[in-house]
Amino acid sequence: MRTEFVPRPLGPATGLRACFGRSFVGPRPSESAPDKARRRRRYRRRVSARRRNAVRRACSRPKPGGLLKQALSPLGLLAILGCCAGWIAAGDAPEPVEELYLTREAALREIFTQGETISAARLELTSEEKGRIEARLKRRLFEDRFEVYRGVNAAGSVSGYALITEEIGKFQPITFIAGITPKAAVKDVAVMVYRETIGSDVKRRRFLSQFPGMTAKDEFRLNRDIIHISGATLSSRAIARGVQKALIAIDECLLGKAKRQNLEWKGVAWKPLEEAKNPPIASAKDPPGAAPVRRVRYLMGTILEAVCYGDPAQVEPALQAAFAEVARLEGLLSTFREESEISQVNREAAARPVRVSADTLACVEAALEFSRRTAGAFDPTLARDGYQAVAIDREGSAVRFLRPGLKLDLGGIGKGYALDRAARVLEQRGMTRALFNFGGQVLALDAPPGLPAWIVPVRDPERDDRLLGHYEIVRASVSTSGNYERGKHILDPRTMRPAEGVLSATVCARSATDADALSTSLDVLGAEAAPELLKAVAGGAALVVPAAGKEPFQFEAPGGPRFVRAPPPH
C-alpha cells in the first residue's frame, strides 16, 4: 500500500484541537517565572506518581489462580486465540503510518493570529553563523538553510518568528514548527509530519506544552528540563533538540547582535486547507519519489523495517521481494524450524555429510572464518573450539561434524547475512535509496534525497534515555551487541560463561554480515581487539563501551564512517 499524505480536515475547532488536544479551552495566559516553575513541578510530580503506581501494579502479587482464571475465561481465551491467529495468518507487524498532522498553512495559523501579516524568507547560513549556532548547540548542525516566517501586527511591529525544521527521531525525520517571540523565547511548538513506527504521542499538547516560555539559556535536558513521553524517548529527545535549534538559530540570525539586515521577506501565498496536499518539506523541485515508502515484517524472531525512496509503483514490489528473500533465508538458517537446513545439519551431520544450499554453505563458511579470526571468541557451535570440528565440502556443498554433540547456531551472523541479501535484491530492482532496520541492526544504501547520509543513533547502555552520539553512514551497516539488555545473554564460547567487561559494542562495516559478527566478537574480546579485527574490514569503525564506568573506546579504520559524539551530560 502506498504511503500518502492525507491532511485531516482542520476547521477552527478541529485545528485548535490538533495542536492543543481535546482539553483545549483557550490560549494559556501569560505566566510569570514562578508560576511557570510551579506548573512544571506539578507536572513532574504527576508523572512520577503515575510511574510509581505503574510499578506497584506490575509488582503486586496476583491472587492464587487469578491469572489462570483470567486466561481461561471466555474473553481471555478469545484474546489468546486472536493473537495467535493474527501472527500465524499474517506474520507481519503493524505497518508504520506516515501522518501529516498539520499543513504549512495550518501550522502557521497555530503560531500566528489571524490579524498578523505573515511573510517568509529563505535563511541561507554563512559559515560564521553556522559555527556560532553549533557552538551554542554543542553539536553539529546539518542544515545550511532554514525556512523562516515573520509575523507583523497591525501596528507594524514584529510579533514573532516561526521556523519549520526537522530532527531525526529513531531513524526518520520529524517535521515540526517552532514559534519564537521577539524576546527569544519559545512561543509554541506543533508537530507537522511524523514518520516513525511508534512514538507519535510527542505530537500531543501534554508534551509540547513544556516548551513555551523556554529561552536559549535553558538546557533542554530530557527528564530534567523536559519530561519525555514513555515509549517515545528518542522522539521526545528529537523534538527537544529541534526546538532548541530553532530558538538558537532565530536568536543568532534574526534577534542577536549579529542579526541579518538583508533578508528578503515575501508575503505567504495561502492555499485552502483542503488543497494543501503536500508536506512542508516537499517542493515543486523535488524529484518523483521524494516521500519514502515504509514497510514492516516480523522475520527471524524480530521486526524488519524497510524505508525506500523511489517511484511507489516500483518500490512496493521491490520491498516485497526483499522481504521474501529474508523469509526464504529464515527457512534455511533458523534453528527454531525443524525443516530448516541448519536443523537437518544439527540432527545428521555427526553421522554423515549433509548437503545444503549455496546460501546456507556461504553463511556457515562466513561464521567459521570469523571463528578463526577471533580464535574462537566467535563460534557458531557455542562450544569450546567447536568450530575446528566443522568440516566444509565446497564441491559437494555439504557440512559434516567431526565430533558428536555439536550444533550450529547462526544467530550471531544470520541477520547480517540476510540484510546483505535483501539489499542485493532491492538494488537488482533499481532501488538504491533505502535503509533496513532489523531488530536494531541497520543497513543503509544511498542517502535519502537532499541529505548527505543516514543518521544512526547509538544509545548509552548505562542510561536508556541518553545517546552516546550517532554515525553518519552511506552504503554501510551498523550493529550493536550488548549485555545490558535482558541480562547477560552473550556467552564467551571459550569459557562457556557470560562475557564480562563490555556493556556494548557497536561496529560499522560495508557488509552487514561483517558488522553483525564483529559486534558480537568485540562484546567478548573487548575494546583492545578492535584495531586488529577491523584493520582489514572495508569501512570499519567501532565504539566499545567498557563496564565499570570507563570511557568508551572509539576506533575508525581508513574510510570508516564518522562518529559524532553527543554533548556531555550536565
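Residues numbered from 1 in each chain as written. Predicted model: local features only at pLDDT ≥ 70, side-chain atom pairs only at ≥ 80, totals over all residues. Heavy atoms only, no water.

Visitor: Tell me about the side chain of T381, residues and numbers included.
Guide: Summarising the element assignment, T381 is placed in the loop between α11 (358–373) and β11 (390–393). Given the relative accessible area of 7%, T381 is considered buried. At 2.7 Å, the side chain of T381 forms a polar contact with the side chain of D379. With residues near it in sequence (within four places) discarded, T381 still touches G386, Y387, V390, L406, K407 and L408. (Helix = DSSP H or I, 4+ residues; strand = E, 2+ residues; numbered from the N terminus. Buried < 20%, exposed > 50% of the residue type's maximum accessible area, 1.4 Å probe, protein only. Polar contact = N/O pair within 3.5 Å; in protein donor to acceptor, adjacent residues only side chain to side chain. Contact = heavy atoms within 4.5 Å.)

Visitor: A description of the packing of aromatic side chains should follow, citing residues and the corresponding values.
Guide: One pass over the full model with this rule turns up six aromatic pairs. Each ring, one from F207 and one from F211, has its centre 5.6 Å from the other, and the planes form 85°; the classification is edge-to-face. Here F207 falls in the buried class, since its relative accessible area comes to 0%. Judged by relative accessible area, which is 0%, F211 ranks as buried. Considering the side-chain rings of Y309 and W454, the 6.2 Å spacing of their centres and the 50° angle between planes classify their relative orientation as tilted. Of the two residues, Y309 is situated in strand β9 (residues 302–309) and W454 in strand β15 (residues 454–459); the sequence distance between them amounts to 145 residues. W454 sits in the buried class, given a relative accessible area of 3%. (Phe/Tyr/Trp six-rings, centres within 6.5 Å; stacked < 30°, edge-to-face > 60°.)

Visitor: Help me get a handle on the sheet that holds strand β16 (residues 467–473), residues and values and all.
Guide: One open sheet holds the three strands; their spatial order is β15-β16-β23, and the pairing between them is antiparallel. Each edge of the open sheet carries a strand with a single partner, namely β15 and β23 (562–565). Here the average twist between neighbouring strands, direction ignored, is 30°. As paired strands, β16 and β23 are joined by four bridges and run antiparallel to one another. The residue of β23 that forms the bridge with G469 is R565. (Pairing = 2+ DSSP bridges. Axes fitted to C-alpha atoms, helices over the stretch in contact; angles between N-to-C directions.)

Visitor: Explain unusual backbone geometry to me, and be specific about the residues and the numbers.
Guide: The phi torsion at M300 lies on the positive side, around 55°, for a residue other than glycine. Residue placement: M300 occurs in the loop between β8 (293–299) and β9. If you check the backbone angles, D385 has positive phi at about 55° while not being a glycine. The topology assignment puts D385 in the loop between α11 and β11.

Visitor: Quick one: what's the story with the packing of α11 against helix α13 (residues 512–525), residue by residue and with numbers?
Guide: Where α11 meets α13, the closest approach of the two axes is 11 Å, and the angle between their N-to-C directions is 45°. Between α11 and α13, the angle is such that the two are oblique. The two elements α11 and α13 cross, and the hand of that crossing is right-handed. The residues of α13 that touch α11, namely those facing A366, F370 and R373, are T513, D514, A517 and L518. A per-class count over the contact of α11 with α13 returns four nonpolar, one polar and two charged. (Parallel < 35°, antiparallel > 145°, perpendicular 65-115°, else oblique. Left-handed = near helix turned anticlockwise from the far one by under 90°. Nonpolar A, V, L, I, M, F, W, Y, C, P; charged D, E, K, R; others polar.)

Visitor: Give a description of helix α12 (residues 414–428) that names residues and reports values.
Guide: Counted at 1.5 Å a residue, the expected span for α12 with its 15 residues is 21 Å, and the 21 Å between its end C-alpha atoms agrees. Along α12, the positions that sit buried rather than exposed are G414, G416, Y417, A418, L419, R421, A422, A423, V425 and L426. Buried-residue contacts for α12 involve β9, α9 (312–333), α11, β13 (433–438), β14 (441–444) and α13. (Expected span 1.5 Å × (residues − 1).)

Visitor: Account for the pattern of salt bridges, naming residues and giving values.
Guide: Using the criterion set out here, one finds 29 salt bridges in the structure. The shortest N-O distance in the salt bridge between D359 and R328 comes to 2.7 Å. With D359 in helix α11 and R328 in helix α9, the pair connects residues that are 31 residues apart, well separated along the chain. By relative accessible area, D359 is classed as buried at 10%. The class for R328 is partly exposed, based on a relative accessible area of 37%. The shortest N-O distance in the salt bridge between R394 and E365 comes to 2.6 Å. Placement of the pair is R394 in the loop between β11 and β12 (398–401) and E365 in helix α11, with a sequence separation of 29 residues. We classify R394 as exposed; its relative accessible area is 62%. Connected via shared salt-bridge partners are R132, R136, D251 and E252. (Salt bridge = Lys/Arg side-chain N within 4 Å of Asp/Glu carboxyl O.)

Visitor: I'd like a description of the nonpolar core, backed by residues and values.
Guide: Residues I413, L426, F436 and L522 are the most contacted members of the largest nonpolar core, which totals 73 residues. The element that contributes the greatest number of residues to this core is α9, accounting for nine residues. L522 has contacts with V502, A505, V507, A529, A530, L533, A542 and V544, leaving out every residue within four places of it along the chain. Within the second largest apolar cluster, 41 residues are counted, among which are A178, Y194, V202 and A246. (Core = buried A, V, L, I, M, F, W, Y, C linked by side-chain atoms within 4.5 Å.)

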